[in-house]
Amino acid sequence: MIRIISFKICPFVQRVTALLEAKRVPYQIDFISLSDKPDWFMELSPTGQVPVLMTEGGIPLFESDAIVEYLDEVAAPLQPDLTPEQRALNRAWSYQASKHYLVQCSAMQSADSAVFAERMNRLNASFTKAEKQLGDGPFFAGEALGNVDMAWLPLLHRAAIVADHSGHDMLAEYPRVKAWQQALLATGIAQKSVSDDFDARFADFYLADRTWLGRGANVDEAPATPQIQQSSGCCG
């Protein structure tokens, strides 16, 4: 059986586990602490980062982009019969999501509204591009669930948790992206692709009193003193 080595609130891991769930490929998952990485993990991962996928043959694979391509080679693709051009476009749109995972992580850790707004600029630009690209849905390619949906799912899932907790909706200005988010959440893949205590662990890190979102995102405050950004809440 495929084995995934993970940190519980890492979006790069969720991209991989979401694809496994969508493909209905069984897998085992083991969680580690990024602040105290075990020696055996460091021997497996050249970068010291998650996710790492251990193949059934015992080969460790790293980097979520490479892992996703591997999964499409060993398990039936979600969208069969795509042309080479369509597959390339799907990889490009998937990259538009994954390159913003850490951007969203950084924004969610902001201590005040001004820093949050500044850090959200890049993510908002990506949401704007998606808003223009999306059709009638419910998914990125219409009726068919695909790899692009799985790549964007971590961003959209986290945005939903933030909105529920703080009242701040990152997608308020993007109705098509919002509808896409709701359609993806309705599949149940988001919750299946994370640990049972994901919401609590996510809230403990990103929605604590030290963050603007954690304090409710509904009051104007004086700018906070410069903060030391904590890195262990994402991946690395």
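Scroll up a little and you will see the structure.
What you see is a predicted model, and the numbers here were worked out from it, not measured in a lab.

K.L.:
Would you mind going over the pattern of salt bridges in detail, with residue names and values included?
P.N.:
According to the stated counting rule, one finds six salt bridges in the structure shown. Residue K178 is joined to D169 by a salt bridge in which the shortest nitrogen-to-oxygen separation is 2.9 Å. Judged by its relative accessible area of 22%, D169 is partly exposed. A salt bridge links D197 to R201; the shortest N-O distance between them is 2.7 Å. Relative accessible area serves as the criterion here: at 27%, D197 is assigned to the partly exposed category. For R201, a relative accessible area of 42% gives the class partly exposed. Three or more residues joined by partner-sharing salt bridges are found here, namely K8, D197 and R201.

K.L.:
Report on the pairing of strand β2 (residues 27-31), specifying residues and quantitative values.
P.N.:
When strand β1 (residues 2-6) meets β2, the two strands line up parallel, connected through five bridges. Opposite I5, over in β2, you have D30 as the bridge partner. Running through helix α1 (residues 11-23), the crossover from β1 to the neighbouring parallel element β2 is right-handed.

K.L.:
Tell me about the sheet that holds strand β4 (residues 60-62), and please be specific about residues and values.
P.N.:
Strand order in the open sheet formed by four strands is β2-β1-β3-β4, with mixed pairing between adjacent strands. Where the open sheet ends on each side, the last strands, each with one partner, are β2 and β4. Strand after strand, the sheet turns through a mean of 25 degrees between neighbouring axes, direction not considered. Each of β1 and β2 touches α1; the most contacted strand, β1, lies at about 155 degrees to it. Its contacts with the sheet place helix α3 (residues 64-74) against β1, β3 (52-54) and β4, and it is angled at close to 120 degrees to β4.

K.L.:
Can you tell me about the packing of helix α4 (residues 84-98) against helix α7 (residues 147-166), naming the residues and giving the values?
P.N.:
Between α4 and α7, the shortest axis-to-axis distance is 8 Å and the interhelical angle comes to 5 degrees. The angle between the axes of α4 and α7 places the two elements in the roughly parallel class. Listed contacts from α7 to N90, W93, S94, Q96 and A97 of α4 are N147, V148, A151, W152 and L155. Among the residues forming the contact of α4 with α7, the class breakdown is six nonpolar, four polar and no charged.

K.L.:
Explain the nonpolar core to me, using residue names and the numbers behind them.
P.N.:
Here is a general trend for soluble globular proteins: nonpolar side chains tend to be buried in one another's company. Membership of the largest hydrophobic core comes to 71 residues, with the highest contact counts inside it found for F127, M150, W152, M170, V177, W180 and F202. Considering each element in turn, this core owes the most residues, ten residues, to α7. Among all residues touching F127, those that are not within four sequence positions of it are W152, L156, M170, L171, Y174 and V177.

K.L.:
Talk me through unusual backbone geometry; I want residue IDs and the actual numbers.
P.N.:
Here V50 and P51 are connected by a cis peptide whose omega angle stands at 5 degrees. Examined against the element boundaries, P51 turns out to sit in the loop between α2 (39-44) and β3. In this structure, the amide linkage connecting G137 to the following residue, P138, adopts the cis form with an omega of 15 degrees. Secondary-structure assignment places P138 in the loop between α6 (113-133) and α7. Positive phi is not limited to glycine here, since E63 has a value of about 75 degrees. Of note, E63 is situated in the loop between β4 and α3. Of note, the phi angle at D81 is positive, near 65 degrees, even though the residue is not glycine. On the secondary structure map, D81 appears in the loop between α3 and α4.

K.L.:
Pulling in residues and values, what's your account of the side chain of N90?
P.N.:
Locating N90 in the fold gives a position in helix α4. Residue N90 is classed as buried on the basis of its relative accessible area of 15%. Apart from the residues within four sequence positions on either side, N90 is in contact with Q79, L82 and V148.

K.L.:
Summarise the packing of aromatic side chains; cite the residues concerned and give the values.
P.N.:
Enumeration over the complete set of coordinates arrives at eleven aromatic pairs. Consider the rings of F127 and Y174, whose centres lie 5.7 Å apart with planes at 50 degrees: the pair is tilted. Of this pair, F127 sits in helix α6 while Y174 sits in the loop between α7 and α8 (175-186), and the two are 47 residues apart along the sequence. In this structure F127 comes out as buried when scored by relative accessible area, which is 0%. Of the residues examined, Y174 reaches a relative accessible area of 10% and is grouped as buried. Put simply, the rings of W93, F127, F140, W152, Y174 and W180 pair up and form one aromatic cluster. Against the face of F31 rests K8, its NZ or CZ located 5.1 Å from the ring centre. Across from the ring centre of F205, 4.8 Å away, lies the NZ or CZ of R210, which sits over that ring.

Parameters and conventions
Residues numbered from 1 in each chain as written. Predicted model: local features only at pLDDT ≥ 70, side-chain atom pairs only at ≥ 80, totals over all residues. Heavy atoms only, no water. Salt bridge = Lys/Arg side-chain N within 4 Å of Asp/Glu carboxyl O. Buried < 20%, exposed > 50% of the residue type's maximum accessible area, 1.4 Å probe, protein only. Pairing = 2+ DSSP bridges. Helix = DSSP H or I, 4+ residues; strand = E, 2+ residues; numbered from the N terminus. Right-handed = clockwise from strand over helix to strand, strands pointing away. Axes fitted to C-alpha atoms, helices over the stretch in contact; angles between N-to-C directions. Contact = heavy atoms within 4.5 Å. Parallel < 35°, antiparallel > 145°, perpendicular 65-115°, else oblique. Nonpolar A, V, L, I, M, F, W, Y, C, P; charged D, E, K, R; others polar. Core = buried A, V, L, I, M, F, W, Y, C linked by side-chain atoms within 4.5 Å. Phe/Tyr/Trp six-rings, centres within 6.5 Å; stacked < 30°, edge-to-face > 60°. Lys NZ or Arg CZ within 6 Å of the ring centre and 35° of its normal.

Without other data, these values stay purely geometric and don't point to any function.
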